[in-house]
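Architecture at a glance
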Amino acid sequence: MLNHSSQLHTNKGTPAFLVAEHAATVEGLLVSARGMLRADRDAARRYIEKAAALLDEVVAVENAGKPPAAAANAALVRGGLAPWQMKRVRAHVEERLGDSIAIEELAEVCRLSVSHFSRAFKASFGEPPHGYIVTRRVEAAKRAMLTSDEPLSQIAAACGFADQSHFCRHFRRAEGKSPNLWRRERAVGPELLAAE
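Because the structure is a prediction, the values reported are computed rather than measured.

Here is what the cut-offs are and how they apply
- Residues numbered from 1 in each chain as written.
- Predicted model: local features only at pLDDT ≥ 70, side-chain atom pairs only at ≥ 80, totals over all residues.
- Heavy atoms only, no water.
- Helix = DSSP H or I, 4+ residues; strand = E, 2+ residues; numbered from the N terminus.
- Contact = heavy atoms within 4.5 Å.
- Axes fitted to C-alpha atoms, helices over the stretch in contact; angles between N-to-C directions.
- Parallel < 35°, antiparallel > 145°, perpendicular 65-115°, else oblique.
- Left-handed = near helix turned anticlockwise from the far one by under 90°.
- Nonpolar A, V, L, I, M, F, W, Y, C, P; charged D, E, K, R; others polar.
- Salt bridge = Lys/Arg side-chain N within 4 Å of Asp/Glu carboxyl O.
- Buried < 20%, exposed > 50% of the residue type's maximum accessible area, 1.4 Å probe, protein only.

A word on the environment of Ala141
Position of Ala141 relative to the elements: it lies in helix 8 (residues 129-147). Residues Ala141 and Cys159 lie 18 residues apart in sequence; the distance between their C-alpha atoms is 6.2 Å. Leave out the neighbours within four places in its chain, and Ala141 touches Ile155, Cys159 and Phe167.

In structure tokens form, the structure reads like this:
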């Protein structure tokens, strides 16, 4: 199924082209992994490892033309957060995803004033802190929907949304469809859903 990986070495298209070309393969591997989670965890792990390897190769092609220092410091932006601050913010958000996270709290983690932190965060991450937190919550909810049968209301609460309605609103904005439809598509496959 992963015979595409050899194309990554010979096809030196743009990273965006490579990502688009291999997105279906990666998604297929992850959907297969989800299907195998209960029956054969080793097979599921292999699917996930193949998807990760494919994504690693896309990143390697993207950084191939950059000098090592530029590739390593790609996230370093003038007026942005230092790498240690970005790492701490990411870790803090992930640890507290199910809780309320105030901007003041994140600024304190980075040892900056709230106004300086907000500007530096947006320069480094490309979006305001609240937008980043919502994006991380939606991603956590997607993982939970793929790996459990929990009701959406419980997933919403576990991921830090005020309620299911709040979750659905943000999910639809991010994915262009409701969480229920998104979950059903990945449970049965989009082609089977369209045939219903």
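On we go.
Examining the packing of helix 5 (residues 83-95) against helix 8
Between helix 5 and helix 8, whose axes approach to 10 Å, the crossing angle comes to 50°. Looking at the two axes, helix 5 sits oblique to helix 8. With respect to the hand of their crossing, helix 5 and helix 8 are arranged in right-handed fashion. Between helix 5 and helix 8, the contacting residues are Arg90, Val93 and Glu94 on the first element and Tyr132, Ile133, Arg136 and Arg143 on the second. Taken together, the residues that form the contact of helix 5 with helix 8 break down as 3 nonpolar, no polar and 4 charged.

Here's the deal with the pattern of salt bridges
Applying the stated criterion across every chain yields a total of 7 salt bridges. A salt bridge links Arg136 to Glu94; the nearest nitrogen and oxygen atoms lie 2.7 Å apart. Taken together, the residues Arg136 in helix 8 and Glu94 in helix 5 connect sequence positions 42 residues apart. Classification of Glu94 by relative accessible area gives partly exposed; the value is 33%. Notably, a salt bridge pairs Lys142 with Glu175, separated by 2.9 Å at the nearest N-O pair. Note that Lys142 is positioned in helix 8 and Glu175 in helix 10 (residues 164-175), a separation of 33 residues in sequence. Residue Lys142 is classed as buried on the basis of its relative accessible area, which comes to 14%.

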